[in-house]
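# Commentary on secondary and tertiary structure
One letter stands for each residue in the lines below.
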Amino acid sequence: MGRSFANLHIKSKNLEKTVEALRELSEGHAKVLGKPDNEAQESKVVMYVSKSNENWISVLHDYFVWGTVKKIGKTLSRLIEEPVMTAGYMNEEIFELSFFENGDIQAERIFCEQWTRDEYEQLQEERLNDDYLREALDIRNEDFDDFISITSPEQAVDKLSELVNMSLWSDSEWIPHEETLRKRFGKYEF
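None of the values given here were measured: they were computed from a predicted structure. (Residues numbered from 1 in each chain as written. Predicted model: local features only at pLDDT ≥ 70, side-chain atom pairs only at ≥ 80, totals over all residues. Heavy atoms only, no water.)

So, about the pairing of strand β1 (residues 5–11). Within β1, six of the seven residues are buried, which leaves the element mostly enclosed by the surrounding structure. In the sheet, β1 pairs with strand β4 (residues 84–90) via six bridges, with the strands oriented antiparallel. Residue L8 lies in a different strand from β4, and its bridge partner there is T86. Of the pairings in the sheet, the one linking β1 to strand β3 (residues 56–60) comprises four bridges and is antiparallel in character. Paired with I10 across the strands is I57, a residue of β3. (Buried < 20%, exposed > 50% of the residue type's maximum accessible area, 1.4 Å probe, protein only. Helix = DSSP H or I, 4+ residues; strand = E, 2+ residues; numbered from the N terminus. Pairing = 2+ DSSP bridges.)

Take a look at the structure:
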């Protein structure tokens, strides 16, 4: 088993609006976060939030894993009027990047080697829309072409982190062990 992470990012300059949407997600949509609706008030939902740069707000939560983070991003995109990007990285084999607006997937790109696609028979993008992806990420055409041609998940994460000027290498499980993440992310309880 290799390294894995999952996180989501909201393309927004407004931290307060994002925190309010996360509160609404935690209180009104607890099921998507792995909690029965009737448990929502019994225990606090803990999220870690960071204003990663002037364009992106990053969010970590212990229920974010490859396979769940997309559902959460889709739900959150209905609650906030901003694009939501989810990133899921699994066992150093797959990096899945998805974008949602108003509850609909707008674009997706999966970075992996061909043998991985062959091994995971159902592994394919829900919606290829490179124009949307390039525009949402605000990447120049020549840089974008280089980026989407990458097949190594690790290299794709590194390149995207460089292009959008924020580290995607983050997961809520890593916070107790990595001081840089503890400094970057604030803890919110809803």
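Attention now moves to the pattern of salt bridges. Taken as a whole and assessed by the stated rule, the structure comprises twelve salt bridges. Put simply, E108 and K70 hold a salt bridge, and the shortest N to O gap is 2.7 Å. With E108 in strand β6 (residues 104–111) and K70 in helix α2 (residues 69–79), this pair connects stretches of sequence that are 38 residues apart. Pair check on accessibility: E108 and K70 agree, each one buried. The residue E162 makes a salt bridge to K159 at a minimum N-O spacing of 3.6 Å. Placement of the pair is E162 and K159 together in helix α6 (residues 153–164), with a separation of three residues, close to one helical turn. (Salt bridge = Lys/Arg side-chain N within 4 Å of Asp/Glu carboxyl O.)

The next subject is the sheet that holds β6. Spatial ordering of the open sheet is given by β6-β5-β4-β1-β3-β2-β7, a layout of seven strands whose pairing is antiparallel. Each of the sheet's edge strands pairs with one partner strand only, and the pair in question is β6 and β7 (186–189). The sheet shows a mean angle of 25 degrees between the axes of neighbouring strands, taken without regard to direction. The sheet strands contacting helix α1 (residues 15–28) are β1, β2 (46–51), β3 and β7, and the helix crosses β2 at an angle near 160 degrees. (Axes fitted to C-alpha atoms, helices over the stretch in contact; angles between N-to-C directions. Contact = heavy atoms within 4.5 Å.)

Here we come to the nonpolar core. Nonpolar side chains tend to gather and get buried jointly when the protein is soluble and globular. Of all hydrophobic cores here, the largest spans 32 residues; its most connected members are M85, F95, L97, F99, L137, F147 and L160. Looking at this core, the elements with two or more residues in it are β3, β4, β5 (94–101), β6, α4 (130–137), α5 (141–148) and α6. A per-element tally of this core places α6 first, with five residues. Discounting chain neighbours no more than four positions away, the residues touching F99 are W56, V84, M85, D104, I105, Q106, A107, Y132, L133, A136 and L137. If you look at the next biggest cluster of nonpolar residues, it comprises 21 residues, including L25, V59, F64 and V84. (Core = buried A, V, L, I, M, F, W, Y, C linked by side-chain atoms within 4.5 Å.)

Take V164: it is sitting in helix α6. For the pair V164 and D143, spaced 21 residues apart in the sequence, the C-alpha separation amounts to 11 Å. Setting aside its immediate chain neighbours within four residues, V164 contacts N53, W56 and L137.

Within β4, seven of the seven residues are buried, which leaves the element mostly enclosed by the surrounding structure. A two-sided burial pattern is seen for β4, the buried positions comprising V84, T86, G88 and M90 on one face and M85, A87 and Y89 on the other. Bridge count between β4 and β5: seven bridges; the pairing is antiparallel. Across the sheet, the residue bridging to G88 is E96, located in β5. Between β4 and β5, which follow one another and run antiparallel, lie three residues, and N91 among them has a positive phi close to 50 degrees.

A positive phi angle, near 50 degrees, is found at N102, a position not held by glycine. As for its position among the elements, N102 is in the loop between β5 and β6. The residue N165 is not glycine, and still its phi comes out positive at about 60 degrees. Looking at where N165 falls in the secondary structure, it is placed in the loop between α6 and α7 (179–184).

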